Structures are given as structure tokens and as C-alpha cells.
2 protein chains.
Amino acid sequence: MDIKRFFEPESIAVIGASRDPNKVGSAVLKNLIITFRGKIFPINPFVDELQGLKAYKSVVNVKEKIDIAVIAVPAELVLSILRECEKAKISLAVILSAGFNEIGGEGTKREEEIKKFLSKAKIRIIGPNCLGIINTDPNFNATFLDPNSKVIKGNAGFISQSGALLSAVVDDASTNNIGFSKIISIGNATDISEADIIEGLKTDEKTKVLAIYLEGLNNGEKFLKASMSFSQEKPLLVLKGGKFKSTSTAVSSHTGSMAGDYKAYELAFNRVGAISVDNIDDLFNFMRDAPNIKITSDEVIIATNAGGAGVVTTDHIISSGLKLSKFNDKLLNELAKSLPKEANIHNPVDMVGDATPERYRDTLEILVQQNKPIIILFSPQEMSQPLETAKQIYETHERHPSVPFLSVFLGGARVDKARRFLLERNMPIYEYPNEAVFMIKGLFAYYSHRLQTFKRIGKEKSRYRDFKLKNDIFGMDAKKIFDSIGIKSVEGVKFNSRKDLENGIDKIGYPCVLKIESNNLAHKNKVGAVILGIKDRKALEDSFMKLSKIIKEQKINKAAFGLYEDVNKFGEDKMEILLGAHRDPQFGPMMAIGLGGIFANEINETKFLLSPISDQDIDELKSSKLGTIIKEFANENVFDELVNYLLKLDRLMAANKGIKDIDLNPIILLKDKLFATDFKIFV
Amino acid sequence: MDIKRFFEPESIAVIGASRDPNKVGSAVLKNLIITFRGKIFPINPFVDELQGLKAYKSVVNVKEKIDIAVIAVPAELVLSILRECEKAKISLAVILSAGFNEIGGEGTKREEEIKKFLSKAKIRIIGPNCLGIINTDPNFNATFLDPNSKVIKGNAGFISQSGALLSAVVDDASTNNIGFSKIISIGNATDISEADIIEGLKTDEKTKVLAIYLEGLNNGEKFLKASMSFSQEKPLLVLKGGKFKSTSTAVSSHTGSMAGDYKAYELAFNRVGAISVDNIDDLFNFMRDAPNIKITSDEVIIATNAGGAGVVTTDHIISSGLKLSKFNDKLLNELAKSLPKEANIHNPVDMVGDATPERYRDTLEILVQQNKPIIILFSPQEMSQPLETAKQIYETHERHPSVPFLSVFLGGARVDKARRFLLERNMPIYEYPNEAVFMIKGLFAYYSHRLQTFKRIGKEKSRYRDFKLKNDIFGMDAKKIFDSIGIKSVEGVKFNSRKDLENGIDKIGYPCVLKIESNNLAHKNKVGAVILGIKDRKALEDSFMKLSKIIKEQKINKAAFGLYEDVNKFGEDKMEILLGAHRDPQFGPMMAIGLGGIFANEINETKFLLSPISDQDIDELKSSKLGTIIKEFANENVFDELVNYLLKLDRLMAANKGIKDIDLNPIILLKDKLFATDFKIFV
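Residues numbered from 1 in each chain as written. Chains lettered and ligands numbered in written order. Predicted model: local features only at pLDDT ≥ 70, side-chain atom pairs only at ≥ 80, totals over all residues. Heavy atoms only, no water.

Engineer: Could you give an account of the overall build of chain A, naming the residues involved and the relevant values?
Structural biologist: When helices and strands are tallied, chain A shows 21 helices and 31 strands. Summarising its shape, the C-alpha atoms of chain A cover approximately 95 × 80 × 45 Å along the three principal directions. Expressed as a percentage of the 683 residues in chain A, the buried residues total 59%. Within the structure as shown, chain A displays about 28,500 Å² of accessible surface, and the carbon and sulfur contribution to it stands at 48%. (Helix = DSSP H or I, 4+ residues; strand = E, 2+ residues; numbered from the N terminus. Buried < 20%, exposed > 50% of the residue type's maximum accessible area, 1.4 Å probe, protein only. Areas by Shrake-Rupley, 256 points an atom, 1.4 Å probe, with all protein chains shown as cover.)

Engineer: Just give me the short version of the interface of chain B and chain A, but keep the residues and values in it.
Structural biologist: By a widespread convention, an interface's size corresponds to the accessible area lost as its parts come together. The partner chain A presents 66 residues to the 66 residues of chain B that form the contact. Summing both sides of the interface, chain B and chain A together bury roughly 5,600 Å²; the carbon and sulfur share of this comes to 60%. Here chain B is connected to chain A by two salt bridges. Applying the counting rule to chain B against chain A returns 24 residue pairs in polar contact (both at pLDDT 80 or more). Residue assignment for the side of chain B that touches chain A shows that the elements contributing at least two residues are α4 (163-175), α9 (280-289), α10 (307-319) and α20 (625-633) of chain B. Among the elements that make up the side of chain B that touches chain A, the one with the highest residue count is α10(B) (eight residues). (Contact = heavy atoms within 4.5 Å. Buried area = accessible area lost by both parts, 1.4 Å probe. Salt bridge = Lys/Arg side-chain N within 4 Å of Asp/Glu carboxyl O. Polar contact = N/O pair within 3.5 Å; in protein donor to acceptor, adjacent residues only side chain to side chain.)

Engineer: Describe unusual backbone geometry, naming the residues involved and giving the relevant values.
Structural biologist: The residue after Tyr510(A), namely Pro511(A), is reached through a cis peptide bond having omega -10°. The residue Pro511(A) is located in the loop between α17 (500-508) and β23 (512-517) in this model. Here the bond from Ser611(B) into Pro612(B) is cis, since omega is -5°, no more than 30 degrees from zero. Considering the arrangement of structural elements, one finds Pro612(B) in the loop between β28 (607-610) and α19 (615-623). Its identity as a non-glycine residue notwithstanding, Lys468(A) has a phi of 50°, on the positive side. Examined against the element boundaries, Lys468(A) turns out to sit in the loop between α15 (433-451) and β21 (473-474).

Engineer: I'd like a rundown of empty space enclosed by the protein, residues and numbers included.
Structural biologist: Any empty space left between the atoms is revealed when a probe the size of a water molecule rolls over them. All names here are of chain B. Going through the model one piece at a time under the given rule, you end up with three cavities of 30 Å³ or more. Of the volumes computed, that of the second largest cavity is approximately 30 Å³. Every residue lining the second largest cavity is listed: Leu501, Glu502, Ile505, Arg537, Leu540 and Glu541. Taken together, the elements giving at least two residues each to the lining of the second largest cavity come down to α17 (498-508) and α18 (537-553). (1 Å grid on protein atoms, 1.4 Å probe; cavity = no way out; pocket = protein on both sides within 12 Å on 5 of 7 lines; lining within 4 Å. Points joined across faces, edges and corners; volume = space filled by probe spheres on them.)

Engineer: Any details on the pattern of salt bridges? Residues and values, ideally.
Structural biologist: One pass over the structure, following the stated rule, counts 58 salt bridges over all chains. Between Arg399(A) and Glu365(A) there is a salt bridge whose closest N-O contact spans 2.6 Å. With a gap of 34 residues between them, Arg399(A) in helix α13 (residues 386-399) and Glu365(A) in helix α12 (residues 357-367) connect regions that are remote in the sequence. Since its relative accessible area comes to 44%, Arg399(A) is described here as partly exposed. By relative accessible area, which is 27% here, Glu365(A) ends up partly exposed. The salt bridge partner of Lys65(B) is Asp67(B), with a shortest N-O separation of 2.4 Å. Judged by relative accessible area, Asp67(B) falls into the buried class, the value being 14%. In this structure, a network of salt bridges that share partners links the residues Arg498(A), Glu502(A), Arg537(A) and Glu541(A).

Engineer: Describe the sheet that holds strand β13 (residues 236-240) of chain A, naming the residues involved and giving the relevant values.
Structural biologist: All names here are of chain A. Strand order in this open sheet of seven strands is β9-β8-β11-β10-β12-β13-β14, and the pairing throughout is mixed. Single-partner strands in this sheet number two, and they are β9 (139-143) and β14 (275-277). The mean angle between the axes of side-by-side strands here comes to 20°, regardless of whether they run parallel or antiparallel. With five bridges connecting them, strand β10 (residues 153-160) and strand β12 (residues 209-214) associate as parallel partners. In the sheet register, Ile159 faces β12, and the bridge partner there is Ile212. Contacts from helix α4 (residues 163-175) reach β10, β11 (180-185) and β12 within the one sheet, and its direction differs from that of β11 by about 160°. This element, helix α5 (residues 194-202), spans β10, β11 and β12 of the sheet and lies at about 175° to β12. (Pairing = 2+ DSSP bridges. Axes fitted to C-alpha atoms, helices over the stretch in contact; angles between N-to-C directions.)

Engineer: Break down the packing of helix α11 (residues 329-338) of chain A against α12(A) for me, with residues and values.
Structural biologist: Relative placement of two packed helices is described by the angle separating their axes and the distance separating the axes. Residues and elements named next belong to chain A. Running from N to C, α11 and α12 cross one another at 170°; their axes reach a closest spacing of 10 Å. Classified by the angle between their axes, α11 and α12 sit roughly antiparallel to one another. Facing α11, whose interface residues are Leu331, Glu334, Leu335 and Ser338, α12 presents Asp362, Thr363, Ile366 and Leu367. Per-class residue counts for the contact of α11 with α12 are four nonpolar, two polar and two charged. (Parallel < 35°, antiparallel > 145°, perpendicular 65-115°, else oblique. Nonpolar A, V, L, I, M, F, W, Y, C, P; charged D, E, K, R; others polar.)

If you want it as C-alpha cells, here you go:
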């Protein structure tokens, strides 16, 4: 469906419009009367007139076409109202009423009934449990925001999963002169989802940047698709709330616990090229400025009239992973000619405290040759002329519109007019240097991402089979599955009794490892005792006795023994790596690779790769610290084989939807080969 | 000296007072006339009157007592002016003039001359190359800040090494209603240093918090002492500029290059308990609120009228390493009774969108029982009453003044009056939740630190000898030094010719390691070829031939051979650790411990410990990731021995001022013992 129909209505009915000014229905009616030029039909069975408009008993009594029904009746009445809307041939509704999924129990039932109704009816809805929607061109405000709140017309679309946060953002935005194209309070997203709106606003010319406040998603795949396509056109901003929700279910796998709740979102935002921010003020800066600057270089120029400010800005640049642009001799000569001798002509360029507006202009005219983003710092000093300097900055930029100028005017009242001057001309202007640096970092990442096209790799035709696992499996049982897909591991045998020990050792040889194998342990992650480095017959027999005793004492059900090669027999230099996989409820499988063994718990160098794994993911892994360490330790082919294993795990997870987590920890690397030594699959 | 004399003058002379309103001397005179109630003597040999005051040809012509001379003459005249001041028995001077150390060459010479003069004269100076000083009670402004800049009287002292940054901060602060007690532009700190001022303001009752903008220091030890003592009394804030200055000298040691330029400052700030901030706006928040809130718990309570805002705040809390306070049943029951049923009574407490001021009050009255910091979130919604809510928050806090209340009023114009209401009553109030969280984190660290007393450990009486090293030394030559101080290493011998190989191998045995040893390599960090894992006579002879060839081909001067035990002979499970030391020009030796071998370059888990190493440093090391890994791998006594080695390196550095860096990489850990295997000392 075309989401735009929600934003260009010619007539709106407000169902549940009320006389009581404290009611939602009254506020939304008031907002519409103030803002909407089309026809408004208040619906209320008990009155004839509301806020000066004729009121109707029901939408079916309105004999004219109604484009959107805004529903603000108690939750229990919503379904019957929707039925009336269907009768009246209304095809779009915005349901403000709360009392659905968000309260659980009865509410969830109600929402299910509505879903069922919608699956047959020709009505599409936004909500329920939302604040409503706003368009600024053509203008209408179908929300129950305080009618005193101003919404400025502008470039930013905003989707919010929190109504209360939305109302704060709208209020704050108008104070900060930030304009919106469209605002959507998405509510429970029973029908129209974030993805639908992202897709719809992609072709909306009024929306030049889209910001989303997100706590969760109903459909990760749809979100990925819509937002990947959106961000190829325009910047997409995300503020994710609930990064550290404590999950209700305890996580048994190592990989799963490392992934946490937010990892999949982080990977998803990264994959689609969304700009992820943590703070509301950063969101504002991007909403305002992202449409106005294009950053295609991570080398930054600083021009300042205050050394200290240049120093602080340099620190922010370096700690953000950006660089200072280096000047060639020609540029340095020009700067030396133009600037007084106390000036610093190297980056950060210090134009000295008495820098006049003209000196700013002349310096910038030289610096634009570099064609890199320029952070222009201004600190109000004794002789400074803030407004005149702002004008010179603006005019210089007019002559070189393709060079990004980000101005930072430090100070308070003295620079207020100058800030306002630049703000009104859509020039990026900040109070503190870190804001400008964060903007460059975010937009550089965004534009770099746009240049890449996502390419999944490892698209082997043959699918793995679905092993239809019903229970967690460990040890030899799990090893067999990894064997079958070509993940190489140490030799092993599983057996139940003393007499099979003989056959086992003939096959495995010394040194070996003896383990208790059981898929039915009370604590899933405790997979029984392990004895390493068994060197001879005597030690093997002792070990067998020891483990038998443990099985008996701990009453381990269906226990067996696993006998494995000891990797020490392959040589002395080894490195332990963890491979794993975790299925995220929204975004599907993520594969993990990190340092294994005792490092796995403490050293946070584990990389996660969202399925399907892309070329770019592998490139990033290669150049990561982890990749560097692995390649320094082992041959190139060992690294390639690890990558291959990651792809295999991806395919295994794809074919086995029942598998939640996989831990292969550790995989033992030698210089020229590698072996999995421990095997866990969680369902 | 008592720094306070600078702040309570009864008479001030302005030397270099000028008729030209664009001159520094004119601005400072104007500022004094506006602010100072004592006597002002403009000094100018060419005029009789300035800005309505009688002017004098020289300070010697003033027949009254002059407490402070403010000097604003050209640099080359400063020394002769100081001589006149001496004649006139002036004992304090503030030198605004620039053109000294900061411009190098001639300027440095001038500053040396002034230093020489000061060493004999009874004059103490602030500056040169500074903006001046300000006191707000009693009031005087002896700076050349724009006379239109307002300086509000308040609690914060501010020392700045950048004049231009200071002028921006003053302007911004007045707009943000932040008050100062004293402001000092420290300039080149030729005489009076940051440490002197910190020490002086420690007992200044008007100064309740002190902020410093710092780029470098002349005397780290003095700074440490003064600031450690200061922060036991009052919060000390530091904004360090120039964290990533590129050092001019290439760093040859691994430890030195990991330390970088900022590490010693970071350790120093940590040791003294200073609150280190990266941004100017964070500095402001601390300057304003640090005197008003005491945080002694890292468990935080959130009370909100907007779920989304609570979610975002929780994220900030968790990612800052703080915790959400947990409620007991009694508290939950009280909350359940008091709040509507849609509310969330667990932390973060959601009082729901229609929360009235009275609901805020009642909820807070219950929550204060926990005696933990409370972040109170307010999002302006349809029925919200911001100002009335602020009043209830204020009044509740009046009843429970010991519980920290940090309010966050989201939004813009609608909450403006409410914010102002709280601001005027010295209640911490922020625009965004991250600011409140950062404040709690910083003040919790500060107050935790105050509870600890610094205790150095390892105070052995016996000092190590000074080896008086003239050149970098490696291999056996360095090993001998470590042997002598009890750092255990693999056995080794150094020899020059084939025939000594025999004796060597008799002592060392197989497997062994053969290295080229030379202290005179062109590239210091390349200490020649190393052949590991030599298992028999044949391999040893081959290795000898190979290295001999390298010595010849590469023309390595004064090369010898080193034959060492191969640690593989001790067993299979090994872990590699780096120990090192680096001498910081300001703060002296720092010891380093981290993952060694191939991990050292990539995994940033190296801990630095500033000399002298304290109990607390070791406790922190123990509970760090690195400590956990080491203790998981090896026995407790191996960890203790590593700590012991760190103390030994500390003493070695203390006795050998000539040593710049030490690298022991790797130290090989086994389960129950450890050996150094590679030895480098840089001078």
C-alpha cells in the first residue's frame, strides 16, 4: 500500500471527539481545526455540535467521503467502530486508543481480534496505542499533542515508538528550530509497521532525513529491507531504546550471552547504513544538518582563532578515528602569505585571537582547495566580530557550496546572533566542537556505506539438511553434525562401558582426552568433567574410574564417555578460537568468532556477523585486531578455513530453524591446520 | 606563598594603560574601573589622565602602596618594568604581555631573564602571556576580557592554560547561569603554577569546586601533591587538551608506544581523584552542580512519566557501569498502593503520562527511603504541569536534603520555566538524561576515591644501584641487570665464537634458542634474528651458521650470540605476558603489564601503574580482566610474583633516572612458575 495516502487526506473523521477538553478526542479535534484545511467530521453519538462543527452520531451518518478515521474511543469499542468504518467505506484509520497488547491479557486478546478483522477488511491502520500522525505540507496535525506545541515545517521525518518521548522531542525541536516533514507515532504497529513507513517515506520529497526512536520490532527482515533501500537515498537515524533489557530467559550458550540483546540491532543498523545515535541532542543535530552536508572524507581541517579550542577539537577528531588533513607545500605557502607570522599554518590552522572576519574569509578561501570538511572554530575574544565573521563564513560557503563547512561558535550571549544567522541559512552550526566531530564521523560512515553494495557470499546451492533437533546436544552427538558439514575436529569415539575403552584407545591413541558425555545435564552449560593430557594406559584407566565415580555420585542420567585426541600431540604452539552462532528473534542468525579458552570470558574481541554473511563482513574481520592476531599466528589458509566454517555455520542455522545457539569453543589453531575440540548445540 | 594575596588587593597599578581602546592595557583598566572598589593607578609615561583617572609616569611616582601590578607593556619592556616594581616595593604582578616562551627563540630568552630576576627579587608573578585574574568576592576583574562579558558570582574556581578558551567559557557560563569564585588565566606559569593556585584555593571558602583546562605541566610531582590534597576537600575537574599530540621523538619501546602522551595524565588524574571530562558542556554541569550533590552509591533510581525516556536513561546507566537500584517488597507495596495500576512500580518507576505534580511528590516521598540518587524524568505531555511538578520536586527535596535528586526535564519552551525554577534553587537540572547519568558516574567516582587513602606499597629500604647506563642494552647484558634484582629468567649465555658454542650448550641443554645479540643495531627495536626450538646438535650448528651469515651480510657491529633455554621444555601450557616500564617526562615512571607475544600489539588490555605503586593499583589489577585471565591460567603465587616484579621495576626506575623504557616481552607463565625470556632497556 502507498503510505502517502495517510498524509494527504481531504477529509478526516474524529471518532470519540469529546466535549471534555481533557479527553484525547477533544485535543485531536482541536489540533485538526487549527491545522487542517480539509473537511473535519466529529463523531459523537450524544451531541450535535463540537468546537463549532456539526457532530455526527456515527461515520455511517456522514454522507460524504471520509479519507481517514481517527479513533479515540475506549479500547473495548474499537472493533465495533472499525466495523462501522468498513460500512462507511473508510479505508484508513489511526487508532489512538490504548488498552491493547501493551497491557497484556485482555488487551492482547483485543489486538488479536482487530488483527483478524483487518485480515479481511479493506482497512489499513496506524496504531493502536499511538499519539497520531502529523504532516507539515500539506499541513495537518492528527495527534493529541498539546495544541500549544508548535511543529515547524522542515526536512525531517520522525517515527517514534514512544508517544511520550515524541511529545518531548516535538517541544524541544521547535525551541531548537528543527523542522519536520512528517511525524508518526507508530504505537503497537499492529498493521502498518516501521518498515511500511520507511518504505513510503523513501520517495517522499519533503522528507530529506528520517529519524526513528525504536525499542523493538515485529519483523526484523522487513525492517532490514526497507531501511537498506531507504538509506541508499537519504540518511536514516536510529535511537535505540532498551539496549540492555534483561532477557527473561537465562542464556545457556556462550555465544548467546556475548551477543546480548542489542548486538543484532547493532549489526542490522550497520548493515543498512543507518546512523545510530545514543542521545536525543545528537539526534537533533543530525535531523537538522544531515540534509545539508555531504561528507565523503575522514580527513578534517580545523581553522580556529583560539589555540586551545583547536587542541580540544583535534583530540575529539583523533579519538573518533578521524584524521587531520595534511597540507601540501603550495597550500602552506599560500597560508603563510595570507596569515600573520604568529599564526599556525599547519592543521589545525590557528588564525590567532585577533582574527578579523576578513581573515576568516581569506583563510577559508585557501583551505577550500583541499576539498575536505572544515571545522571553523570561533571563540569570542576582545576584538572579535562574531556576526560579521558568520557572514563571511556564509558567503565563502556560497562560493564553494560543495565543501562542507561546520561552524562551532563557542561562548554564550556574545555569539548568539552569529549562531542564529548561520542557523537560518541552513549552515551547520554548533556550540561545542564534539558535536561537529560527531556529525562528520556519522555522515562519513553513512556516505561510505552508500558507496558499497551489499553482496552476500558463500551462496552454495546445496542446502544442509534439517537435523530436527529436539534437545540440546553436546559432545560426540554434536560432533557428528559438524563432521557432516565439513567442520574438521579431533578424532573421537563415544562409548558406554569399560570394555569399549579398548576399541576406543586403539582408534584415538595417546595423548588423549576423556570426557563425560550427556545431553541431559541439569545445568546445560556444565557438560561434565574433562580430563586432558592422558599419556598412557595407566592414566587412562585411572581417568575412567574417576569419571565413572562422578557419574555415579552426581547421578548423571544417560551418561556416556567420550574419548578424543589431545591436540597437544600436534605440536606446541596453539591458539584457541571460539566459533559460534546465535539466532536473534528479530534478525535471525549471527555468527561469532573470537578468542577462545580462558580469553573468551574476558577479552571482548569477539566479532559477530549477521546472516547472510557479506564480502564486507569478511573484509572487516580480516582487518580487525582478531583477524590480525590469527593471521600473525597461523597461515593464511587457516584463516580462510575459519571464514569457511563461519559460512558453514550460517548455512546450518539457515536449514535448522530449531537451533538457537552453537558453541565451538575452543577451536584449536596450529600453524597450518585447525580442529574443533568441543561441541555444543542448543535448541 | 599565600596565593590569596593576589585576590584581595586594595590597590592595583595598570602598567601599559593606554588611550587606544583596542589595546590590552585599556581594556584591563576599563574592567578594573567597572569592578574594583580599591585604588587604581594607571601607569603611562605619555599622558596625565586615563579614563577619568590620574595617570602616573611610573610606579615609582605613585606615593601610595600598590598591592598588584598588572603589566601590559610589550614583551621587551617587561623586565625593566619589573625592576621598577621592585623599586616601588610591589610584591605581586600579573603579566599579560605575550612574546615569551610561547613564541620560542628570543621569547624563551626573555622568559629566562625574567626567571633569573625573580629568583632574586621579592616579586611573585602570574603569567606572562595570560589574560589576567578575576575575583567575584571581593569583586575585581583584572583581565582584558571584553568589558561587556558578565562574570556571575558563584562557587567555581577556574584555571585556564588557554586564554581564548577562557573567554569563551566565561561568555558561555554567564548565559548558562554558572557562577565563578575566582578565574585565573595561568599563561606560561613562569613563577606561580597551577599547583600553587590549587593549593591556595583549597582553603578558599568561596571556591567549592575547581575546574582546570590543562594542556601541559612544568612540574608533575607538585601538581600531584597539590591536587591530591585539594580533592580530599572539594571536587577537582580537569579538561585535558592535547591528548594525542604527536611526539617529536620516535618511540622505540613497546611499553612507551602503548603509553602514548596521555596515559600518565590519565593515571595522575585517577590517582588524585580528579574528575576528568572531555567536553566543555560536561565541565559546566560539574562546575554548577558538583558543590550541590554528594553521590555515594552507584545504584540509581529512575522515576519517569514517560516509558521511553526511562528506557533511554536505563541504557545510559548500564553502559556507564552504574546499576539500577532494586526495591524490596515493602517499597514495592507502598508504590503499588500509591500509583495507578497501569504504572510500573519496579525501577525504572513509570508514573504514567498523566502523572500530576502530586503523584511526583507522593512517589518521591516513597523512593527517598532507598537513600540512593534519583533521576527524575519529566516529559511534557498533554495534561502535564511542568512548573508545578518542579515545585513539588523542590519541596520534596527540601524535606529530604540528603537524597540526591537529579531532574531531567525533556522538551523545549514548555518546560523552560520549570527548568529555571529548579536552576535558581541550585537543584541539579538537565535537558537530557545522559547528562544526569554522567554527573552521577563522575561524582560517585569522586566520593569513592575520597574514602580511600593513598598507600604506596613495596617500600623496601634497600635501594637498587644506579647502573649508569649510557646506551640501550638488550639480551644477556640486560638480563644480568634483571638477574641482579631478582627477576627470574631463562638460563642464557652470551659468546662470540664457534668454539664457545660447546660450553654454552653444556650449560643450557636442549631445546634451546639462539639469538643475535647486539646493543648497536641501527633500528633499536630490531634485535636481530631469533631461532626457536633447537632440538639437537645438528639443528644448533645449522642455526649458528645461519645467524653468522646474517651478521656478516647485515654488517652488524659488535655482534655476539645468545643461547637460551627454550621455555617449551617446561611444558605445553604457557601464557605470554608483557612487563614493562616507561618514564613520563612529567609524572615519572609508569609500570606496564599486559598480554604478551602476538597479543601485545592488538589486544588493548595493558594496565599501567604510576610510580609509586599503591595497594589500590594492585587491587584494581587483580580484579581487572587481565588479572582474571592470569589467575585463571596460573597459580596465585605466579600472579603475586608478577606483582612483585612490577614493584622491582618501579624501584629499578627510581634508582636509574637514566632509564627511559623497559620491555620484558614476553614473560612466559607456566602453571606454577614464570620466566622472562626477552630483555630490553632503553636510555
